[in-house]
Amino acid sequence: MAKPKKSLSPAPDPLAAARLPWHPPAPPLATALLISLAALLVRALVSVGPYSGQGAAPKFGDYEAQRHWMELTLHLPSSEWYRTTSANDLAYWGLDYPPLSAYQSWIHARLINASLPDAVALRSSRGFESHESKLLMRWTVLSSDLMVFFPAALWFMWTYMKDGVAGGGKRRDGWMWLLALVLINPCLVLIDHGHFQYNCISLGLTLGAIAGVLSRNELVAAALFTLAINHKQMSMYFAPAFFGHLLGKCMKRKYPIVEIMKLGSVVLGTFALVWWPYLHSYEASIQVISRLAPFERGIYEDYVANFWCSTSVLIKWKRLFAIKPLKLMSLSATILAFLPSFLQQVKSPSNLGFLYSLLNSSFSFYLFSYQVHEKSILLPLLPASLLALHEPHLYGWFTYYALFSMYPLICRDQLLLQYMAVLGLFFLIYYAPGASYGKEVKISSATKAVLSLPLLCSILLHIVYLKIEPPKRYPFLFDALIMFICFSQFVMLTLYTNYKQWRLDFQPRSVGRKKVL
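Residue positions are given per chain, counted from 1 along the sequence in the order it is written. Only residues with pLDDT of at least 70 are given local features in this predicted model, and only at 80 or more are side-chain atom pairs given and counted; all residues enter the totals for whole chains, interfaces and linings. The side-chain numbers reported here are obtained from all heavy atoms of the structure, hydrogens and water having been left aside.

What about the confidence of the model for the protein?
Each residue gets a pLDDT score, which is the predictor's confidence in that residue and runs from 0 to 100. Residues at a pLDDT of 70 or more form 89% of the protein, whose mean pLDDT is 89. The low-confidence segment residues 5–18, where pLDDT is below 50, has one contact with residues more than four positions distant or belonging to other chains. With pLDDT under 50 throughout, residues 510–517 is counted as low confidence; its partners more than four residues away or in other chains account for 22 contacts. Contacts are residue-level and defined by heavy atoms, with any inter-residue pair within 4.5 Å sufficient.

Details of the packing of helix 2 (residues 62–75) against helix 3 (residues 99–115)
Simply put, an axis is a line fit to the C-alpha atoms, just over the touching stretch for a helix, and the angle between two N-to-C directions goes from 0 to 180 degrees. Numbering of helices and strands runs from the N terminus, with a helix taken as a DSSP run of H or I at least four residues long and a strand as a DSSP run of E at least two residues long. For the pair helix 2 and helix 3, the least separation of the axes is 8 Å and the interaxial angle reads 85°. In terms of their interaxial angle, helix 2 and helix 3 are classed as roughly perpendicular. Judged by residue contacts, Trp 69, Met 70, Thr 73 and Leu 74 of helix 2 engage Ala 102, Ser 105, Trp 106, His 108, Ala 109, Arg 110, Ile 112 and Asn 113 from helix 3. Split by residue class, the contact of helix 2 with helix 3 holds seven nonpolar, four polar and one charged. For classification purposes, an angle smaller than 35 degrees is called roughly parallel, one larger than 145 roughly antiparallel, one from 65 to 115 roughly perpendicular, and anything else oblique. Here the term charged refers only to Asp, Glu, Lys and Arg, the term nonpolar to Ala, Val, Leu, Ile, Met, Phe, Trp, Tyr, Cys and Pro, and the term polar to all other amino acids, Gly among them.

Describing the pattern of salt bridges
By salt bridge we mean one thing: a side-chain nitrogen of Lys or Arg within 4 Å of a carboxyl oxygen of Asp or Glu. Scanning all chains against the criterion turns up twelve salt bridges. The salt bridge involving Asp 145 is made with Arg 43; its shortest N-O contact spans 2.6 Å. In this pair, Asp 145 is assigned in helix 4 (residues 131–161) and Arg 43 in helix 1 (residues 28–47), connecting sequence segments 102 residues apart. Of the charged contacts, one joins Lys 375 and Asp 62 as a salt bridge, the two residues approaching to 3.9 Å between their closest N and O atoms. With Lys 375 in the loop between helix 16 (351–368) and helix 17 (378–386) and Asp 62 in helix 2, the pair connects residues that are 313 residues apart, well separated along the chain. Here Lys 375 and Asp 62 have matching classes, each one buried. Where salt bridges share partners, they join Glu 218, Lys 249, Arg 253, Glu 259 and Lys 262 into one cluster. Partly exposed residues are those whose accessible area sits between 20% and 50% of the maximum for their type, while under 20% is buried and over 50% is exposed, using a 1.4 Å probe and protein chains only.

Considerations on the nonpolar core
Phe 156, Ile 210, Phe 398 and Phe 490 are the most contacted members of the largest nonpolar core, which has 129 residues in total. With residues near it in sequence (within four places) discarded, Phe 398 still touches Leu 359, Phe 363, Ile 377, Pro 380, Leu 381, Ala 384, Phe 490 and Leu 493. Grouped together as the second largest cluster of nonpolar side chains are 15 residues, Trp 81, Tyr 82, Val 274 and Val 288 included. We define a nonpolar core as any set of buried Ala, Val, Leu, Ile, Met, Phe, Trp, Tyr and Cys residues linked to one another through side-chain atoms lying within 4.5 Å.

Considerations on helix 11 (residues 256–275)
The end-to-end C-alpha distance of helix 11 is 28 Å, a good match for the 28 Å that 20 residues give at a rise of 1.5 Å each. Within helix 11 the residues assigned to the buried category are Glu 259, Leu 263, Thr 270, Val 274 and Trp 275. Projected onto a plane normal to the axis of helix 11, the buried residues spread over an arc of 125° and lie on a single side. Seen from the buried face of helix 11, the exposed residues on the opposite side, beyond 90 degrees, are Ile 257, Met 261, Leu 268 and Leu 273. Of the surrounding secondary structure, the elements contacted by the buried residues of helix 11 are helix 3, helix 9 (218–231), helix 10 (239–251) and helix 12 (282–292). Here, expected helix span is obtained from the residue count minus one, scaled by 1.5 Å. Regarding the arc, it is the one traced by the directions from the helix axis to the C-beta atoms.

Re the packing of aromatic side chains
By convention, a stacked pair of Phe, Tyr or Trp rings (six-membered ring in the case of Trp) has centres within 6.5 Å and planes under 30 degrees apart, an edge-to-face pair has planes over 60 apart, and any other such pair is tilted. All chains considered together, the criterion is met by 37 aromatic pairs. Measuring from ring centre to ring centre gives 5.8 Å for Tyr 395 and Phe 426, while their planes differ by 75°; the resulting arrangement is edge-to-face. Highlighted residues: Tyr 395 in helix 18 (residues 392–405) and Phe 426 in helix 20 (residues 416–430), separated in sequence by 31 residues. Take Tyr 395: its relative accessible area is 0%, and that puts it in the buried class. Taking the centre distance of 6.2 Å and the plane angle of 35° together, the rings of Phe 404 and Tyr 407 count as tilted. The same class applies to Phe 404 and to Tyr 407, which are both buried. Here the aromatic cluster, defined as three or more aromatic residues joined through ring pairs, consists of Trp 397, Tyr 400, Tyr 401, Phe 404, Tyr 407, Tyr 419 and Tyr 465. Here, a charge over a ring means that NZ of Lys or CZ of Arg falls within 6 Å of the ring centre while also lying within 35 degrees of the ring normal. Looking at Lys 59, its charged tip hangs above the ring of Trp 93, at a distance of 4.9 Å from the centre. Lying over the aromatic face of Tyr 92, Arg 126 brings its terminal NZ or CZ to 3.9 Å of the ring centre.

Listed below in structure tokens is the structure:
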């Protein structure tokens, strides 16, 4: 008898059954699509829950603010959007974002008005909260996310695969794990699709600008980042990193002045295009600018985990200083905080250094700038997520405390179930088998002990905040404790990331197989 021929098929992979989306046998495009669909499903499920200010008359919350801006931009001329008139009371959720955000409200208002005009009717629609209007409003956020943030994330990952940042080997193979973390960011999902905002647009434009820088499309990056600033002024948190990195690159090229002028022309041209309705007079421009910088609200609001609020227990900043000196102190502290990161990129621009600089710059603004909200932690979270393959421990730690810093806000919005669900999903992805890219970094026992104490306190505070009434003399005691814990972690993280950025000067001047310039 003839011997049976040996099979030429490869031996079965013992790990095949345990494969996850970031270790796929499928083509990368198909897997990226599956991850995107999963991220979209998570957003849709969170959208089913409550939103900011639901049923809380007379001013309701951020949901009503966004709906009211749609109402105003639909029925009033652009010249009246930013000033008090008989139809626009700025005391009731006056528009305080740049013109691009107003144009976005106008587009969404046109769409909603086509099917449910009562939801955006002038004056009579205040506090309008029908089930149909909620579905339409939620749809505007989902569609914005899908059209802006998702494509930007995929563009960044494509650039990442091309060794723009990742390097080679194991890190480069983990781009799909990274994509899952970027798209299923629990803080962004909860704020935009739970609390109700449109951070996905400004952050998506910023992410597109980052991808543009890494792929050497600097002019496109300049236009996209300018649009991000013109959608939400908080995008300025990233400005020192963009400016320092692009300036450093221009200075190393053959004709630096020409390169700088090209970038400047794109920035000025984009600004002029967005601000065109308000450039006809100095008064109109100043009216808009004054709405974007509400200094009269004070140096901080609520219990945000930054320097000014955390130290106010010992130093009563609002009582001791007027607004003008507080503005100067805040500006000086912010500049001093981001200056080392900025100078490092001017001196030695690199792709990886650029991501660290984005994180350090946005952290500096969050910790020291004027009028910071707890939701502003979304800005440093964006570059932190892009560094997850290089700094997995940092990103996991940061995400947990960023989410914890918003815990009182989440409880007020009655989104506790969604909070626990997205946090659990995040750690399920983060600690999934086969996704330990870079997690082999060893941490000493002493460091673990130091880090364990605030972690245990935070876990305890999750329960205490819900179950125990604070003393009547200190009604915001637990809010303050949450703030202190998160502030301490943010300070340690920003010191660490500044140190890591400056250490790049002592490493090889290339990333992966490509030169950095």
